[in-house]
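Analysis of the macromolecular model
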Amino acid sequence: MKVLVIGSGGREHALVWKLRQSSRVDKVFCAPGNTGIVELAECLDIKADDIDALLNFAKYEGIDLTVVGPEAPLTAGIVDSFLKAERRIFGPDKSGARLEGSKVFAKNFMRKYGLPTAEYKTFTSCLHAEEYIRLKGVPVVIKADGLAAGKGVFVCETADEAIDALRLIMKEKAFGDAGSKVVVEQCLKGEEASFMILTDGKTVVPLATSQDHKKIFDGDKGPNTGGMGAYSPAPVIDKNLYSKIMKTVIDPMMKGLKRERMNYRGVIYAGLMIVDGKPYVLEFNCRFGDPETQPILMRLDSDLFDMLKATAEGRLSEVQVIWKEDTAVCVVVSSKGYPGTYEKGKIIEGLDELKGKRNIMVFHAGTSLNKGKIVTSGGRVLGVTALGKDIQTAKGNAYKALEKIHFDGMHYRTDIADKAIKRQ
Ligand SMILES: Nc1ncnc2c1ncn2[C@@H]1O[C@H](COP(=O)(O)OP(=O)(O)O)[C@@H](O)[C@H]1O
Ligand SMILES: [Mg+2]
């Protein structure tokens, strides 16, 4: 079988790596891929959002399964185009992808189907939103409605901050049309966790639990990023909380998908805030999380190709998923200055030494090749991911591997997994 993976980050490197392990997969292509993926798949010079070119390639090459990594092609309707051309694809169609593509839609969906979420109001007028904030007070969270590459959410401690955020989104249009509407919501205080499921619209298969680290610096300080590290499983989700999530979040969400007749054959990622032992949904993503997918797939024993193909074909009920007992920890290495501006083109050393180790995978994100050398080309550069028999061992393995890697201005958090260790 031939598989096409769309995207170019650490998530896609992990997907390609795992798909390649399937005995049913003969060849993997990746569009556009990255320097790490090149070793496992044929990378194509097609952008992740060039739907026509991707479909043409899938037809021409006779691709059996296309797996979409990032959200942009999903909200733009790549699945609709592939299905119309009768090509098998993993991911929700345009109607399903609205769960991520519009925060207003997602919040209204949650309210309609009774999912626990922060109290909120949506606005198309900046003035009305300002009035509401003055009435409600702070802290408050302001969210641009549409896709904003993880930059459209502002947790505001003062009214001035909130007003600035509103103006940036709605008046200055910092995120373009994504800022025509906003969600203003109650600020929840608690611990965040990520809960992903596979669904074909009928059956739900939960993936292993995980926890991301959004802030750039140790101790959850500094600005938000795409994610600086993750581990799986997340001990904050104990048995009791797990069943609460299934009952109060996943069951009503599935009911909503069916009622709204969404054609959903993919991943649903619920970003949760746990407040006093209760899960609240902060947002939905319509694809695999990044970096969470890196540690999660390290722990997967089952055949990922079978799982994704069955999802795409509406046969998810036939799938059994087995996880390793081991814990996995992923530490993201970023360029100095990220999530702000950063320099590119720094030579990365030490990667060869880490190849071929059973317990370690260095997933690439922002890397590229320059005169035969691997150099940095993005904010998040690598995801150093390690397995261990418990969380301490996995953390130790990840950080030991990290010591081998070097580039000018490399940054990483030193406290990934400490929350889980403290919990023991
Ligand atoms: N209601 C809320 N209360 C407190 N923090 C929030 C709330 N909503 C979002 N956040 C914080 O902002 C981050 C980003 O928000 P999220 O809704 O996940 O949007 P996105 O991932 O699209 O930027 C969350 O990971 C969380 O840290
Ligand atoms: Mg998020």
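A brief report on the enclosed structure follows. Please read all numbers here as calculations on a predicted model, not as lab measurements.

1. Overview of helix α12 (residues 391–402)
- With 12 residues, α12 should reach 16 Å at 1.5 Å per residue; the first-to-last C-alpha distance of 16 Å fits that figure.
- Those residues of α12 that sit buried are Ile391, Ala394, Lys395, Asn397, Ala398, Tyr399, Ala401 and Leu402.
- Looking at the buried side of α12, the elements it contacts are β15 (229–232), β18 (327–335), β19 (360–364), β22 (380–388), β23 (410–411) and α13 (418–422).

2. A short note on unusual backbone geometry
- Following Asp290, the chain continues to Pro291 via a peptide bond in cis, the omega torsion being 20 degrees.
- Considering the arrangement of structural elements, one finds Pro291 in the loop between β17 (278–285) and α10 (293–298).
- Following Tyr338, the chain continues to Pro339 via a peptide bond in cis, the omega torsion being 10 degrees.
- Residue Arg261 is not a glycine yet carries a positive backbone phi of 55 degrees.
- Take Arg261: it is sitting in the loop between α9 (239–259) and β16 (266–275).

3. Quick word on the sheet that holds strand β8 (residues 153–156)
- Ordered in space as β6-β9-β7-β8, the 4 strands form an open sheet in which the pairing is antiparallel. Strand pairing shows two members of the sheet lacking a second neighbour, β6 (120–123) and β8, which therefore form its edges. Here the average twist between neighbouring strands, direction ignored, is 20 degrees.
- The pairing of β6 with strand β9 (residues 182–186) spans 4 bridges and is antiparallel. Across the sheet, residue Phe123 finds its bridge partner in β9, namely Val182.
- Of the strands in this sheet, β6, β7 (140–144), β8 and β9 touch helix α6 (residues 103–112), which is tilted by about 45 degrees from β9.

4. Description of the site of ligand 1
- Taken together, 17 residues lie near ligand 1, and Lys143, Glu185, Leu188, Glu192 and Glu283 sit nearest.
- At a separation of 2.4 Å, an oxygen atom of ligand 1 approaches a polar side-chain atom of Glu192.
- Within the side chain of Glu283, one N or O atom sits 2.8 Å away from an oxygen atom of ligand 1.
- Contact with the protein chains covers 88% of the free accessible surface of ligand 1, which is 540 Å².
- Going through the elements one at a time, β7, β8, β9 and β17 are the ones with two or more residues in the shell around ligand 1.
- Split into classes, the residues belonging to the shell around ligand 1 amount to 8 nonpolar, 3 polar and 6 charged.
- Counting contributing residues, the shell around ligand 1 receives three or more from each of domain 2 (125–180) and domain 3 (191–318).

Criteria and cut-off values
- Residues numbered from 1 in each chain as written.
- Chains lettered and ligands numbered in written order.
- Predicted model: local features only at pLDDT ≥ 70, side-chain atom pairs only at ≥ 80, totals over all residues.
- Heavy atoms only, no water.
- Helix = DSSP H or I, 4+ residues; strand = E, 2+ residues; numbered from the N terminus.
- Expected span 1.5 Å × (residues − 1).
- Buried < 20%, exposed > 50% of the residue type's maximum accessible area, 1.4 Å probe, protein only.
- Contact = heavy atoms within 4.5 Å.
- Pairing = 2+ DSSP bridges.
- Axes fitted to C-alpha atoms, helices over the stretch in contact; angles between N-to-C directions.
- Near = heavy atom within 4 Å.
- Polar contact = N/O pair within 3.5 Å; in protein donor to acceptor, adjacent residues only side chain to side chain.
- Areas by Shrake-Rupley, 256 points an atom, 1.4 Å probe, with all protein chains shown as cover.
- Nonpolar A, V, L, I, M, F, W, Y, C, P; charged D, E, K, R; others polar.
- Domains from an automatic or database assignment.

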